[in-house]
Amino acid sequence: SSGINAEYGAIIAYLFCSLLGGGFTLTFVLVVMLLAADFWTVKNITGRLLVGLRWWNKVNEDGSSEWVFESRKEASSVHHSETENRLFWIAIFTSTVVWLLLLVKNLLSLALGWVVVCLTGVFLNSANLYGYVKCRRMQGQRFRVLSVTSSVDNSGTRRLEVPLALITPLNSR
């Protein structure tokens, strides 16, 4: 649940920092730092612990891009509860929606400084949401893709490496 709390820490700081006497600069720095910490934590720790998924994008020496997905084996001794799974997905979706709503509010009120803060929230939360949705889709469809490189490490984690070109057609189905 601490990962879920981190998902909303930046939003809470954004909403209440100015009420507590924090100026724009303090609020901006605090919120962006919380967003960066949340992005890294959700991407590398929370997703793996709560739903058994992890993703990243790597750029090869030739400049091509590959999405890499990891998912825990179904036979793994680690069990993820349905409640944790639901909480993870609700938190990752709702935090993205909240940042989008705050962005629209600031655009309509022409508060351009706050637009930058909200854009940062939208981009970082959307990147995690996009990565996990792709990872979840690949987990369910991994047997339909023939050129996925798969290996299992010592901890029982299955690692899937998929060239970016293979992912795009799967999203259009």
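Rules of the game
- Residues numbered from 1 in each chain as written.
- Predicted model: local features only at pLDDT ≥ 70, side-chain atom pairs only at ≥ 80, totals over all residues.
- Heavy atoms only, no water.
- Helix = DSSP H or I, 4+ residues; strand = E, 2+ residues; numbered from the N terminus.
- Contact = heavy atoms within 4.5 Å.
- Areas by Shrake-Rupley, 256 points an atom, 1.4 Å probe, with all protein chains shown as cover.
- Phe/Tyr/Trp six-rings, centres within 6.5 Å; stacked < 30°, edge-to-face > 60°.
- Buried < 20%, exposed > 50% of the residue type's maximum accessible area, 1.4 Å probe, protein only.
- Lys NZ or Arg CZ within 6 Å of the ring centre and 35° of its normal.
- Pairing = 2+ DSSP bridges.
- pLDDT = per-residue confidence, 0-100.
- Expected span 1.5 Å × (residues − 1).
- Patch = residues over 30% accessible without salt bridge, like charges linked within 9 Å, V, L, I, M, F, W, Y side chains within 5 Å.
- Salt bridge = Lys/Arg side-chain N within 4 Å of Asp/Glu carboxyl O.
- Core = buried A, V, L, I, M, F, W, Y, C linked by side-chain atoms within 4.5 Å.
- Axes fitted to C-alpha atoms, helices over the stretch in contact; angles between N-to-C directions.
- Parallel < 35°, antiparallel > 145°, perpendicular 65-115°, else oblique.
- Left-handed = near helix turned anticlockwise from the far one by under 90°.
- Nonpolar A, V, L, I, M, F, W, Y, C, P; charged D, E, K, R; others polar.

**Here's the deal with the overall build of the protein**
Right, on to step 1. The number of helices and strands found in the protein is five helices and four strands.
Right, on to step 2. The N-to-C order of helical and strand elements in the protein reads α-α-β-β-α-α-β-β-α.
Right, on to step 3. Of the contacts formed within the protein by residues at least 6 apart in sequence, a portion of 66% connects residues at least 24 apart.
Right, on to step 4. Total accessible area on the protein stands at roughly 9700 Å², and carbon and sulfur atoms take up 65% of it.

**Remarks on the packing of aromatic side chains**
Right, on to step 1. Going through the model one piece at a time under the given rule, you end up with nine aromatic pairs.
Right, on to step 2. Seen from their ring centres, Trp89 and Phe93 are 6.2 Å apart, and the 40° between their planes marks the pair as tilted. Linking Trp89 with Phe93, this pair stays in helix 3 (residues 82–108), spanning four residues, or about one helical turn.
Right, on to step 3. A relative accessible area of 8% places Trp89 in the buried class.
Right, on to step 4. Between Trp89 and Tyr132, the ring centres sit 6.5 Å apart and the planes meet at 90°, which makes this aromatic pair edge-to-face. Here the residue Trp89 occupies a position in helix 3, and Tyr132 occupies one in helix 4 (residues 112–141), the gap between them amounting to 43 residues.
Right, on to step 5. The exposure class of Tyr132 is buried, given its relative accessible area of 0%.
Right, on to step 6. Here the guanidinium or amino end of Lys43 rests over the ring plane of Trp55, the centre of that ring lying 5.1 Å away.

**Overview of the pairing of strand 1 (residues 53–59)**
Right, on to step 1. Of the pairings in the sheet, the one linking strand 1 to strand 2 (residues 65–72) comprises seven bridges and is antiparallel in character. Residue pairing for strand 2: Arg54 is matched across the bridge by Glu70.
Right, on to step 2. Taking the residues that link successive antiparallel strands as the turn, the strand 1-strand 2 hairpin has five residues, and the phi of Gly63 there is positive, at about 90°.

**A look at the confidence of the model for the protein**
Right, on to step 1. Mean pLDDT over the protein works out to 77, with 72% of the residues at or above the 70 mark.
Right, on to step 2. Mean pLDDT values for the elements of the protein range from 36 in helix 5 (residues 164–171) up to 92 in helix 3.
Right, on to step 3. Per-residue pLDDT stays below 50 along residues 143–150; that stretch engages in 18 contacts with residues further than four places along the chain or on separate chains.
Right, on to step 4. Scored below 50 in pLDDT, residues 163–173 shows 18 contacts in the model against residues more than four places distant or in partner chains.

**Here we look at helix 3**
Right, on to step 1. Compared with the 39 Å implied by 1.5 Å per residue over 27 residues, the 39 Å span of helix 3 between its first and last C-alpha is a close match.
Right, on to step 2. Buried within helix 3 are the following residues: Phe88, Trp89, Ala91, Ile92, Ser95, Thr96, Trp99, Leu102, Leu103 and Asn106.

**Topic: a nonpolar patch on the surface**
Right, on to step 1. Together, Ile12, Leu15, Phe16, Leu19 and Leu20 make up a nonpolar patch on the protein surface, roughly 560 Å² of accessible area in all.
Right, on to step 2. Within the secondary structure layout, Leu20 lies in the loop between helix 1 (2–17) and helix 2 (24–51).

**Some words on the nonpolar core**
Right, on to step 1. Formed by 14 residues in total, the largest nonpolar core has its most connected members in Phe88, Trp89, Ile92 and Tyr132.
Right, on to step 2. Looking at this core, the elements that each hand over two or more residues are helix 2, strand 1, strand 2, helix 3 and helix 4.
Right, on to step 3. Tallying contributions element by element places helix 4 first for this core, with four residues.
Right, on to step 4. The residues contacting Trp89, other than those within four sequence positions of it, are Val51, Leu53, Tyr132, Val133 and Arg136.
Right, on to step 5. Counting residues in each nonpolar core, the second largest holds 13 residues, with Tyr14, Leu35, Leu103 and Val117 among its members.

**Remarks on the packing of helix 2 against helix 3**
Angle between the axes and distance between the axes: these two values describe a pair of packed helices.
Right, on to step 1. At a minimum axis separation of 11 Å, helix 2 and helix 3 run at an interaxial angle of 155°. Classified by the interaxial angle, the pair formed by helix 2 and helix 3 is roughly antiparallel. Between helix 2 and helix 3 the crossing geometry is left-handed. Across from Val31, Leu35, Val42, Thr46, Gly47, Leu50 and Val51 in helix 2, the residues of helix 3 making contact are Glu84, Asn85, Phe88, Trp89, Ile92 and Trp99.
Right, on to step 2. The residue inventory of the contact of helix 2 with helix 3, partitioned by class, reads nine nonpolar, three polar and one charged.

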